[in-house]
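In case you want the letters, here they are:
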Amino acid sequence: MIDELEIRTAAGTFDVLAAGAPGDREVLLLHGFPQGAREWEFQLGVLGGGGCHVVAPDQRGYSPGARPERPADYRIEELAGDVIAVADALGWDRFDLIGHDCGALVGWAVAAELPQRIRTFAAVSHPHPAALQQAMAEDEDQAQRSHHLTELRRPRTAERTLLADDCAALRRIFEWKIPEERVEEYVRRLARPGALTAALNWYRAMDLAGPIGPACVPTLYVWGTEDATVGPTAALATGKYVSGPYRFEMLEDVSHWVPEEAPEALTRLLIQHLLAHRD
């Protein structure tokens, strides 16, 4: 059973999905762009029914109650602070952290800066940011794959492009890899006033971020070989930026949308990762 709840913090009120019983192993799931907590529905059901207390928030900008207007309010430091604020509100001293896409970017920052709070970390699709930045600078293939980042940062232009023609471009982002009804749910939410701008502010604030250090907790990185935005150079280099125990898994013929495109395969890897690091 998955519950819909609200968590109040100093940064605002976050809408969350939760499964499992308080007191079970604590697991926090961070979604990517342009999705929401619902992308973790399969993992919530399995992990929540398997001895974990799993919580997936709609993150800053995606929760209407935590939607500041300034792009600067979406700096990685603020987003990482939200993770800890949600955990504190839940009474979690240490927890397992799992992130996909931009949620993984936030997870890399938390795993590097606050390892005392993180039992394990699992990143899905998004490599360590230093590996990605180096690949963008040195690998023409990755530079081409990352070209969309420039487009997403354009004030007002990105919103007009993505919302035009009944959100046709926003729908195309998903590459027809996940169920149509789920795409429609995400599109419907981001088409509401202010929602898409808030989500895009994550990208507009990226240039304000400082360097992110190595993850020093047990880390799993899962990458789909058909990911259109992350190529093999960045994916293979990510291990250089993990100082704790590290496992890298490639999912053949899977694209960027791993949690929903290959839910069984990903969840199996997540369970193995959690069981390997119980302390």
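Residues numbered from 1 in each chain as written. Predicted model: local features only at pLDDT ≥ 70, side-chain atom pairs only at ≥ 80, totals over all residues. Heavy atoms only, no water.

Under an unreviewed UniProt entry, the name given to the protein chain is Haloalkane dehalogenase, and the organism recorded is Nocardia sputorum.

### Observations concerning the UniProt feature "domain: AB hydrolase-1" (unreviewed entry) in the protein chain
In plain terms, the rule: UniProt positions are given in the numbering used here, feature names are shortened, and annotations may be inferred rather than shown by experiment. Comment: elements are numbered from the N terminus, with helices defined as DSSP H or I runs of at least four residues and strands as E runs of at least two.
Within this structure's numbering, the places UniProt gives as "domain: AB hydrolase-1" (unreviewed entry) are residues 27-263. The straight-line gap between the two end C-alpha atoms of residues 27-263 is 17 Å; of that span, 44% is helix and 15% is strand.

### Regarding the pattern of salt bridges
Quick reminder of the rule: Any carboxyl oxygen of Asp or Glu within 4 Å of a side-chain nitrogen of Lys or Arg constitutes a salt bridge here. Under the scheme applied here, a residue whose accessible area is under 20% of the maximum for its type counts as buried, over 50% as exposed, and between as partly exposed, the area being computed with a 1.4 Å probe on protein chains only.
Taken as a whole and judged by the stated rule, the model has 23 salt bridges. Among the ionic pairs, Asp 96 bridges to Arg 25, the shortest N-O distance being 2.7 Å. Placement of the pair is Asp 96 in strand β5 (residues 95-100) and Arg 25 in strand β3 (residues 25-30), with a sequence separation of 71 residues. For the pair formed by Asp 96 and Arg 25, the shared burial category is buried. Among the ionic contacts, a cluster of salt bridges with common partners joins Glu 4, Arg 38, Glu 41, Arg 182, Glu 185 and Glu 260.

### Regarding the pairing of strand β1 (residues 3-9)
Successive residues of a regular strand alternate their side chains across the two faces of the sheet. Put simply, the test is: Paired strands, in this sense, are two strands between which DSSP finds at least two bridges.
With seven bridges joining them, β1 and strand β2 (residues 12-19) adopt antiparallel strand pairing. Among the inter-strand pairings, Ile 7 is bridged to a residue of β2, identified as Phe 14. The loop that links β1 with its antiparallel partner β2 comprises two residues.

### Considering unusual backbone geometry
With an omega of -5°, the peptide bond between Phe 33 and Pro 34 qualifies as cis. Inspection of the secondary structure assignment puts Pro 34 in the loop between β3 and α1 (41-48). Of note in this structure, Cys 167 is not a glycine but carries a positive phi near 65°. When you line up the elements, Cys 167 lands in helix α7 (residues 157-172). Unusually for a residue other than glycine, Trp 176 sits at a positive phi of about 60°.

### Thoughts on the sheet that holds strand β6 (residues 118-124)
Rules: Under this scheme, a helix contributes an axis fitted over its contacting stretch, all axes are lines through C-alpha atoms, and angles between N-to-C directions fall in the 0 to 180 degree range. Should any heavy atoms of two residues lie within 4.5 Å, those residues are considered in contact.
Ordered in space as β1-β2-β4-β3-β5-β6-β7-β8, the eight strands form an open sheet in which the pairing is mixed. Edge strands, defined here as strands with exactly one partner in the open sheet, are β1 and β8 (246-251). Between one strand and the next, the sheet's axes are offset by a mean angle of 20°, whatever the strand orientation. As paired elements, β3 and strand β4 (residues 52-57) share four bridges and run parallel to each other. Each bridged residue has a counterpart across the sheet, and for Glu 26 the counterpart in β4 is His 53. Of the strands in this sheet, β1, β2, β3, β4 and β5 are in contact with helix α2 (residues 76-90), which crosses β1 at around 105°.

### Examining the packing of aromatic side chains
Heads up, the condition is: Stacked, tilted and edge-to-face pairs are distinguished by plane angle, under 30 degrees for stacked and over 60 for edge-to-face with tilted covering the rest, among Phe, Tyr and Trp rings (Trp via its six-membered ring) whose centres lie within 6.5 Å.
Evaluation of the coordinates by the stated rule reveals seven aromatic pairs. On the basis of an interplanar angle of 45° and a centroid distance of 6.0 Å, the ring pair of Trp 92 and Phe 95 is categorised as tilted. Per residue, the accessibility class of Trp 92 equals that of Phe 95, and both read buried. Ring geometry for Phe 174 versus Trp 257: centroids 5.0 Å apart, planes at 40°, classification tilted.

### What to know about the state of the cysteines
For the record, the criterion: What counts as a disulfide here is a pair of cysteine sulfur atoms lying within 2.5 Å.
Considering all chains together, one arrives at zero disulfides under this definition. Looking at the unpaired Cys 102, the closest cysteine sulfur is the one in Cys 167, lying at 19 Å.

### Focus: helix α3 (residues 102-113)
Where we set the bar: Given the number of residues in a helix, its expected span is that number minus one, multiplied by 1.5 Å.
Between the first and last C-alpha of α3 there are 17 Å, a value that for twelve residues agrees with the 16 Å anticipated at 1.5 Å per step. Counting buried positions over the twelve residues of α3 gives eleven, a clear majority of the element.

### Side note on a nonpolar patch on the surface
Test applied: Like-charged residues are merged into a patch within 9 Å and nonpolar side chains (Val, Leu, Ile, Met, Phe, Trp, Tyr) within 5 Å, provided each residue has over 30% relative accessible area and no salt bridge. All accessible-area figures derive from a Shrake-Rupley calculation using a 1.4 Å probe, and residue coverage is judged against the displayed protein chains alone.
Together, Phe 42, Val 46, Ile 271 and Leu 275 give the surface a local cluster of nonpolar side chains, amounting to about 300 Å² of exposed area. Those elements that provide at least two residues to the nonpolar patch are α1 and α12 (263-276).

### With respect to the packing of α1 against α12
The condition is simple: With respect to orientation, any angle under 35 degrees is reported as roughly parallel, any angle over 145 as roughly antiparallel, any angle of 65 to 115 as roughly perpendicular, and every other angle as oblique. The crossing is said to be left-handed when, going from far helix to near helix, the turn is anticlockwise and less than a right angle, and right-handed when the turn is clockwise. Side-chain classes follow a simple rule in which Ala, Val, Leu, Ile, Met, Phe, Trp, Tyr, Cys and Pro form the nonpolar group, Asp, Glu, Lys and Arg form the charged group, and the remainder, Gly included, forms the polar group.
The interhelical angle for the contact between α1 and α12, taken along N-to-C directions, is 40°, at an axis separation of 10 Å. Here α1 is positioned oblique relative to α12, judged by the angle of their axes. Between α1 and α12 the crossing geometry is right-handed. Packed against α1, whose contacting residues are Phe 42, Gln 43, Val 46 and Leu 47, the element α12 presents Pro 263, Glu 264, Leu 266, Thr 267, Leu 270, Ile 271 and Leu 274 at the interface. Taken together, the residues of the contact of α1 with α12 sort by class into eight nonpolar, two polar and one charged.

### Points about the environment of Phe 33
By the secondary structure assignment, Phe 33 is in the loop between β3 and α1. According to the relative accessible area criterion, Phe 33 is buried, its value standing at 4%. On a C-alpha basis, the gap between Phe 33 and Glu 113 in space is 23 Å, while along the polypeptide they are 80 residues apart. When neighbours within four sequence positions are excluded, Phe 33 is seen to be in contact with Tyr 62, Asp 101, Cys 102, Leu 152, Ile 173, Leu 196, Ala 199, Leu 200, Tyr 203 and Trp 257.

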